[in-house]
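# Structure assessment
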Amino acid sequence: MDKGKLFHQFVRFTTSVHQVTNDMTKEIKIENITTVQYKILEFITVSQPVTLSEISECLHLSLPNSSRELKKLIENQLCEKIIDSNDRRKFDIRLTENGTTLMNKVFRQLELKFQERINNLTEPELKEMEEAIQILQTKFLDR
């Protein structure tokens, strides 16, 4: 196995994932929510509870920028800080009920776009796709 070739396939694959993600989300407009704020909400949705540092690292934002954007989301009652009872300087971030409702609505829209993209695949192709995603998740991403 040529690991260099595999790496280049991986780079092409991740670039394609970013492009498809952008294509699927670019038409989703949420009133008073910027693209960065949406990315924060999306990250919280799939990973909650999260810390401010995790948001910063994952989204390649500085801590001050992450903090500022998070403050706006809290003001809009879309997420909340949960103070650590053992160390009041630490806190986790979770979606509020309003944030969960909003993201469920957004994910329903994304699922429709996803369904459109896979609509013409056969059952064996869908199974193959599911297995490929599972292999990537367990062998590479969950490390």
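Our subject is the structure listed above.
Cut-offs used in this document
- Residues numbered from 1 in each chain as written.
- Predicted model: local features only at pLDDT ≥ 70, side-chain atom pairs only at ≥ 80, totals over all residues.
- Heavy atoms only, no water.
- Axes fitted to C-alpha atoms, helices over the stretch in contact; angles between N-to-C directions.
- Helix = DSSP H or I, 4+ residues; strand = E, 2+ residues; numbered from the N terminus.
- Parallel < 35°, antiparallel > 145°, perpendicular 65-115°, else oblique.
- Left-handed = near helix turned anticlockwise from the far one by under 90°.
- Contact = heavy atoms within 4.5 Å.
- Nonpolar A, V, L, I, M, F, W, Y, C, P; charged D, E, K, R; others polar.

This brings us to the packing of helix H1 (residues 3-25) against helix H5 (residues 97-118). Between H1 and H5, whose axes approach to 10 Å, the crossing angle comes to 120°. As the angle between them shows, H1 and H5 are arranged oblique. For the pair H1 and H5, the sense of crossing is right-handed. Contact residues: Val20, Met24 and Thr25 in H1; Leu110, Lys113, Phe114 and Arg117 in H5. Looking at side-chain class alone, the contact of H1 with H5 contains four nonpolar, one polar and two charged residues.

One way to put it is that helix H2 (residues 35-47) packs onto H5 with a least axis distance of 11 Å and a crossing angle of 95°. Taken as axis vectors, H2 and H5 run roughly perpendicular relative to one another. Contact residues: Tyr38, Leu41, Glu42, Thr45 and Val46 in H2; Leu102, Met103, Val106, Phe107 and Leu110 in H5. Residues that form the contact of H2 with H5 fall into these classes: eight nonpolar, one polar and one charged.

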